[in-house]
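As a plain string of letters, each chain reads:
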Amino acid sequence: MSGVKRILVDADACPVKEIIVREAKARAIPVVMVCDTSHELADGYSTVIVVDKARDSADLCLANLMRPGDLAVTQDYGVAAMALGRGCLALHQNGMEYTAENIDRLLFERHLGQKARRAGKRSAPVKRRTAADDEAFRAALCRLLEQG
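Residues numbered from 1 in each chain as written. Predicted model: local features only at pLDDT ≥ 70, side-chain atom pairs only at ≥ 80, totals over all residues. Heavy atoms only, no water.

Focus on unusual backbone geometry
The phi dihedral of A28 falls on the positive side, at around 55°, and the residue is not glycine. Mapped onto the elements of the fold, A28 is located in the loop between α1 (17-27) and β2 (31-36). Residues other than glycine seldom take positive phi values, yet D56 does so here, at roughly 70°. Position of D56 among the secondary structure elements: in the loop between β3 (47-51) and α2 (57-65). (Helix = DSSP H or I, 4+ residues; strand = E, 2+ residues; numbered from the N terminus.)

Focus: the packing of aromatic side chains
With the rule as written, the count across this model stands at one aromatic pair. Arranged with centres 5.9 Å apart and planes meeting at 70°, the rings of Y77 and Y98 form a pair that is edge-to-face. Note that Y77 is positioned in helix α3 (residues 77-85) and Y98 in strand β6 (residues 97-98), a separation of 21 residues in sequence. For Y77, a relative accessible area of 21% translates into the label partly exposed. A residue is classified by how much of its surface remains accessible, and Y98, at 1% relative accessible area, is buried. (Phe/Tyr/Trp six-rings, centres within 6.5 Å; stacked < 30°, edge-to-face > 60°. Buried < 20%, exposed > 50% of the residue type's maximum accessible area, 1.4 Å probe, protein only.)

What follows is the structure in structure tokens.
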């Protein structure tokens, strides 16, 4: 039995929604997907909450939903930090678990990257997602769901 009560998904541009639904469904864990009005979701299992397209609308909605025992799936370090602060587990779409030990460094690196971009520096191109990336996420998700 999983200790995870719900899976909350920052569903805008989330490439692992199908994996989340498949693993949650197998364990009868509720899934809540939060997206803005520019996305249309319907997987037959998840509760979908659609928010307006204002900056950080989905992030704020997710934060308001978070309860201890939930698992938040997000690529946004700020959302992950809020999840950890609310007693949730947090997982990146690449399978990295956000923890108290790594979140400060990740937030600082994000800050440095934003500062560099404002100064006109370009960031490295985003690598194409692979089947190995999906498997790494699935393995990390299953580990968290099983340990809860």
